[in-house]
Amino acid sequence: MNVLVTGGAGYIGSHAVKRLQGLGHNPVIYDNLSRGNEWALLSDSVIGDIRDGERLIEIFKKFNIEVVMHFAALAYVGESVEKPEMYFDNNISGGINLINSCLEFGIKHFIFSSSCAVYGLPSQIPIDESHSRLPISPYGETKLAVEKVLDWYDRLGKLKHVSLRYFNVAGCDTEGEIGEWHSPETHIIPNVLLSSLGLKPEFRIFGDDYDTPDGTCIRDYVHVADLVEAHVLAMERLMETGRSEVFNLGNSRGFSVKEIVEECEKVTGAKINVATDNRRQGDPPVLVSDSKKVRAELGWRPAYSGIETIIQTHWDWLKKAKERGICNS
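Computed from a prediction, not measured in an experiment: that's the story for all the values here.

## Considering the overall build of the protein chain
Then, in step 1: Looking only at helices and strands, one finds 10 helices and 13 strands in the protein chain.
Then, in step 2: In summary, the protein chain has a C-alpha radius of gyration of 19 Å against a globular reference of 20 Å for 329 residues, a match within 12%.
Then, in step 3: Over its C-alpha atoms, taken along the principal directions, the protein chain stretches across nearly 55 × 45 × 40 Å.
Then, in step 4: Expressed as a percentage of contacts within the protein chain between residues at least 6 apart in sequence, the contacts between residues at least 24 apart total 77%.
Then, in step 5: Surface summary for the protein chain: the accessible area is close to 13600 Å², and the carbon and sulfur share equals 47%.
Then, in step 6: Computing the positive centroid from 35 side-chain charges and the negative centroid from 46, the protein chain places the two 2 Å apart.

## Thoughts on the sheet that holds strand β1 (residues 2-6)
Then, in step 1: Spatially, β3-β2-β1-β4-β5-β6-β10 is the arrangement adopted by the seven strands of the open sheet, whose pairing is parallel. A strand with exactly one partner marks an edge of an open sheet, and here the two such strands are β3 (44-47) and β10 (245-249). Taking the axes of each pair of neighbouring strands and ignoring which way they run, one obtains an average angle of 20 degrees across the sheet.
Then, in step 2: With four bridges joining them, strand β2 (residues 26-31) and β3 adopt parallel strand pairing. Directly across from Tyr30, in β3, lies its bridge partner Val46.

## Focus: the packing of helix α4 (residues 84-104) against helix α5 (residues 138-155)
Then, in step 1: Packing of α4 against α5 brings their axes to within 9 Å, and their N-to-C directions diverge by 20 degrees. The angle between α4 and α5 places the two elements in the roughly parallel class. Along this stretch, α4 crosses α5, giving a crossing that reads as right-handed. Judged by residue contacts, Pro84, Tyr87, Phe88, Asn91, Ile92, Ile96, Ile99, Asn100 and Leu103 of α4 engage Pro138, Tyr139, Glu141, Thr142, Ala145, Val146, Val149, Leu150 and Tyr153 from α5.
Then, in step 2: Within the contact of α4 with α5, the residues separate by chemical class into 14 nonpolar, three polar and one charged.

## Points about the environment of Asn97
Then, in step 1: Summarising the element assignment, Asn97 is placed in helix α4.
Then, in step 2: When the C-alpha atoms of Asn97 and Gly53 are compared, they prove to be 6.6 Å apart, with 44 residues separating the residues in sequence.
Then, in step 3: Setting aside residues no more than four positions away along its own chain, Asn97 makes contact with Ile50, Arg51, Asp52, Gly53 and Leu56.
Then, in step 4: From its side chain, Asn97 meets the backbone oxygen of Arg51 in a polar contact 3.5 Å long.

## Quick look at the packing of aromatic side chains
Then, in step 1: With the rule as written, the count across this model stands at two aromatic pairs.
Then, in step 2: Centre to centre, the rings of Trp39 and Trp317 are 5.4 Å apart; their planes meet at 40 degrees, and the pair counts as tilted. Here Trp39 is found in the loop between β2 and β3, whereas its partner Trp317 is found in helix α10 (residues 307-323), with 278 residues between them in sequence.
Then, in step 3: Look at Trp317 and you get buried, because its relative accessible area is 0%.
Then, in step 4: In this structure, Arg155 packs its charged tip against the face of Trp152, placed 4.2 Å from the ring centre.
Then, in step 5: Of note, Lys293 hangs over the ring of Phe247, and the distance from its end group to the ring centre comes to 5.1 Å.

## Here we look at unusual backbone geometry
Then, in step 1: Of note, the bond from Ile125 into Pro126 is cis; its omega dihedral lies within 30 degrees of zero at 0 degrees.
Then, in step 2: Within the fold, Pro126 resides in the loop between β5 (109-115) and α5.
Then, in step 3: With a phi angle near 60 degrees, Leu33 is a residue other than glycine that sits in the positive phi range.
Then, in step 4: Along the chain, the position of Leu33 falls in the loop between β2 and β3.
Then, in step 5: If you check the backbone angles, Asn64 has positive phi at about 50 degrees while not being a glycine.
Then, in step 6: According to the relative accessible area criterion, Asn64 is exposed, its value standing at 55%.

## Quick notes on the side chain of His131
Then, in step 1: By secondary structure assignment, the location of His131 is in the loop between β5 and α5.
Then, in step 2: Of the polar contacts made by the side chain of His131, one reaches the backbone nitrogen of Ser123; its length is 2.9 Å.
Then, in step 3: Contacts of His131, omitting those with residues within four sequence positions, involve Tyr119, Leu121, Pro122, Ser123 and Gln124.

## Remarks on helix α2 (residues 53-63)
Then, in step 1: Listed as buried for α2 are Leu56, Ile59, Phe60 and Phe63. Each buried residue of α2 sits inside an arc of 95 degrees when the element is viewed along its axis, so together they form one side. Exposed positions of α2 whose direction lies more than 90 degrees from the buried face are Glu54, Lys61 and Lys62.
Then, in step 2: Buried residues in α2 make contact with β1, β2, β3, β4 (67-70) and α4.
Then, in step 3: Sitting at the amino-terminal end of α2 is Asp52, which places a side-chain oxygen 3.3 Å from the backbone nitrogen of Glu54.
Then, in step 4: Positive phi appears at Asn64, one or two residues downstream of α2, with a value of about 50 degrees.

What counts and how
Residues numbered from 1 in each chain as written. Predicted model: local features only at pLDDT ≥ 70, side-chain atom pairs only at ≥ 80, totals over all residues. Heavy atoms only, no water. Helix = DSSP H or I, 4+ residues; strand = E, 2+ residues; numbered from the N terminus. Rg over C-alpha atoms; globule rule 2.2 N^0.38 Å. Contact = heavy atoms within 4.5 Å. Areas by Shrake-Rupley, 256 points an atom, 1.4 Å probe, with all protein chains shown as cover. Lys, Arg positive; Asp, Glu negative; His and termini not counted. Charge placed at Lys NZ, Arg CZ, Asp CG, Glu CD. Pairing = 2+ DSSP bridges. Axes fitted to C-alpha atoms, helices over the stretch in contact; angles between N-to-C directions. Parallel < 35°, antiparallel > 145°, perpendicular 65-115°, else oblique. Left-handed = near helix turned anticlockwise from the far one by under 90°. Nonpolar A, V, L, I, M, F, W, Y, C, P; charged D, E, K, R; others polar. Polar contact = N/O pair within 3.5 Å; in protein donor to acceptor, adjacent residues only side chain to side chain. Phe/Tyr/Trp six-rings, centres within 6.5 Å; stacked < 30°, edge-to-face > 60°. Buried < 20%, exposed > 50% of the residue type's maximum accessible area, 1.4 Å probe, protein only. Lys NZ or Arg CZ within 6 Å of the ring centre and 35° of its normal. Arc of directions from axis to C-beta.

Here it is as structure tokens:
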């Protein structure tokens, strides 16, 4: 099956491409490489922007696309607070442009990379899919906006979709072929590990005065391989039932920033230099998923649920990436 994977040169998108290939599908990567990496292009690829309607038309015509997995989005919470116009343009305008292109070509199945950022400050922990959606960052607002567009097209019978609300994605391909590399890097686990490799002078904790047991933010971590497996299950379910759905993706267990540092020290065997900075705007104190729905309805069973295993796969990748010259800052 021909699957258009927008953002397929990025961290999550490239792992999805590899999994689709392993299942015998033909993933077509569509990426503008503004945040993706050329070394992560594992399949047929086209350089293009989701805001470019004419370019999308070319792709849909050439590859006879049957389903779309949409990962192409700007995804830094802090940056979205500083540059909201950039996020609204790329994530909302680009997302709507992509969806409308699907309608033009009669594509009926759309898998959307959403986020737990749509929930905002949780009123209950763990967070299930029925929780109110009140984002506290422009990034979260852009994800919610696209979800609403998809909901309306579902009601009108024009497009069926699955929205997958990620919690913190971490870990890397266990074969070491691809992994996570951003410049700048903002995610917690790779930043801690980069400090261990000597590629960063220290790891900075943004806020140690939250109302949590050790004062630092608590997050739920899900391995990228488990995440993309949920995408495959969602795609198969959607094409079988034709019913739109929304699912949380997390391991339903939270770890504080300080706990992550400790776990990284166990994996690497190195003491990490830690500094404390002010809180970042848009960061809720605690985000932990209730993922019972995806387990019950899709039969999703994470294979890498242990935090030490997740960190180990990331550490193994970073060491190989350093040898390959990918980590250059």
